[in-house]
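# Results of the structural survey
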Amino acid sequence: MFSEGQGVVKDPSEAVNWYLHAAAQGYVPAYPLLSDAYLEGVAVTKDDREAEMWASKAVKEAESWLQTLDGLQFCDTGLAGRFKEAVESCRKRLDHVGGLKFEEHIEP
């Protein structure tokens, strides 16, 4: 909403704030959004390492998150498809940096 200005004034800082809150609650679709924000320096200081950490976390947790949603109405909204695309983008980003492993930076 805030990142696109859908129904509210466009506010990238507020969008990243909500992504961080969502990620803290374990909402996996927020991870690739945070990766993009840190990679591009949108409303946060550009930080490739932080971007890679969020990308790694998204890739690591995506499959189990999508299995949890299997058959739920959420999957019919198209959001699951966009999330899969975002995770694939994260996977490619990690491959591009040499397959670095950032799991040691991911809190359990």
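Throughout this description, residue numbers start from 1 for each chain and increase along the sequence as written. Under the rules for a predicted model, residues below a pLDDT of 70 receive no local features and side-chain atom pairs below 80 are neither given nor counted, while totals for whole chains, interfaces and linings still include all residues. Values shown for side chains rest on all heavy atoms present in the structure; no hydrogens or waters enter the calculation.

## Focus on the packing of aromatic side chains
Two rings from Phe, Tyr or Trp (for Trp, the six-membered ring) form a pair when their centres sit within 6.5 Å of each other. Planes less than 30 degrees apart are called stacked, planes more than 60 degrees apart edge-to-face, and all others tilted. Inspection of every chain in the model, using the stated rule, returns one aromatic pair. Seen from their ring centres, Tyr31 and Trp54 are 5.3 Å apart, and the 40° between their planes marks the pair as tilted. Taken as a pair, Tyr31 in helix H2 (residues 30-40) and Trp54 in helix H3 (residues 48-69) lie far apart in primary sequence, 23 residues in all. Each member of the pair, Tyr31 as well as Trp54, carries the same accessibility label: buried. By definition, any uninterrupted DSSP run of H or I lasting at least four residues is a helix, any uninterrupted run of E lasting at least two residues is a strand, and each is numbered from the N terminus. Think of it in three bands: with a 1.4 Å probe and only protein chains considered, a residue is buried below 20% of the maximum accessible area for its type, exposed above 50%, and partly exposed in between.

## Quick look at the nonpolar core
In this structure, Leu34, Trp54 and Phe83 are the most contacted members of the largest nonpolar core, which totals 24 residues. For this core, the elements supplying multiple residues, two or more each, are helix H1 (12-24), H2, H3 and helix H4 (79-96). Element by element, the count of residues in this core is highest for H3, at nine residues. Here Phe83 is in contact with Val28, Pro29, Pro32, Ala62, Trp65 and Leu66, once residues within four sequence places are set aside. Residue types Ala, Val, Leu, Ile, Met, Phe, Trp, Tyr and Cys, when buried and joined through side-chain atoms within 4.5 Å, form a set referred to as a nonpolar core. Contact definition: two residues touch when any of their heavy atoms are within 4.5 Å.

## Examining the environment of Asp36
Considering the arrangement of structural elements, one finds Asp36 in helix H2. Once the C-alpha coordinates of Asp36 and Cys90 are considered, the two residues, 54 residues apart in sequence, prove to be 8.7 Å apart.

## A few points about the packing of H1 against H2
The relative placement of two packed helices comes down to the angle between their axes together with the axis-to-axis distance. Axis lines are fitted through C-alpha atoms, for helices just across the contact stretch, and the angle between N-to-C directions can take any value from 0 to 180 degrees. Between H1 and H2, the shortest axis-to-axis distance is 9 Å and the interhelical angle comes to 140°. Comparing the axis directions of H1 and H2 gives the class oblique. Here H1 and H2 pass one another in a crossing that is left-handed. In contact with Val16, Tyr19, Leu20, Ala22 and Ala23 of H1, H2 contributes Ala30, Tyr31, Leu33, Leu34, Ala37 and Tyr38. Polar here means any residue outside two lists: the nonpolar Ala, Val, Leu, Ile, Met, Phe, Trp, Tyr, Cys and Pro, and the charged Asp, Glu, Lys and Arg; Gly therefore counts as polar. Of the residues that constitute the contact of H1 with H2, the class distribution is eleven nonpolar, no polar and no charged. Between 65 and 115 degrees an angle is taken as roughly perpendicular, under 35 as roughly parallel, over 145 as roughly antiparallel, and anywhere else as oblique. By convention the crossing between two helices is left-handed if the near helix lies anticlockwise of the far one by an angle smaller than a right angle, and right-handed if it lies clockwise.

## Some details on the confidence of the model for the protein
For the protein, the average pLDDT comes to 75, and 68% of its residues sit at 70 or higher. When pLDDT is averaged over each element of the protein, H1 comes out on top at 92 and H4 at the bottom at 76. Residue-level confidence of the predictor is what pLDDT reports, using numbers from 0 through 100. Note that pLDDT drops below 50 for residues 71-76; the model gives that stretch eight contacts with residues more than four away or on any other chain. Counting contacts from residues 100-108, a segment whose pLDDT is below 50, to residues more than four positions away or on other chains yields 16 contacts.

## A short note on the pattern of salt bridges
Think of a salt bridge as a Lys or Arg side-chain nitrogen and an Asp or Glu carboxyl oxygen that are within 4 Å of each other. Under the defined criterion, the tally for this structure stands at two salt bridges. Put simply, Lys46 and Asp48 hold a salt bridge, and the shortest N to O gap is 3.0 Å. In this structure, Arg91 engages Glu88 in a salt bridge whose closest nitrogen and oxygen atoms are separated by 3.1 Å. Pair noted here: Arg91 and Glu88 are both in helix H4, with a separation of three residues, about one helical turn. Given the relative accessible area of 34%, Arg91 is considered partly exposed. Taking the relative accessible area as the measure of exposure, Glu88 reaches 32% and is therefore partly exposed.

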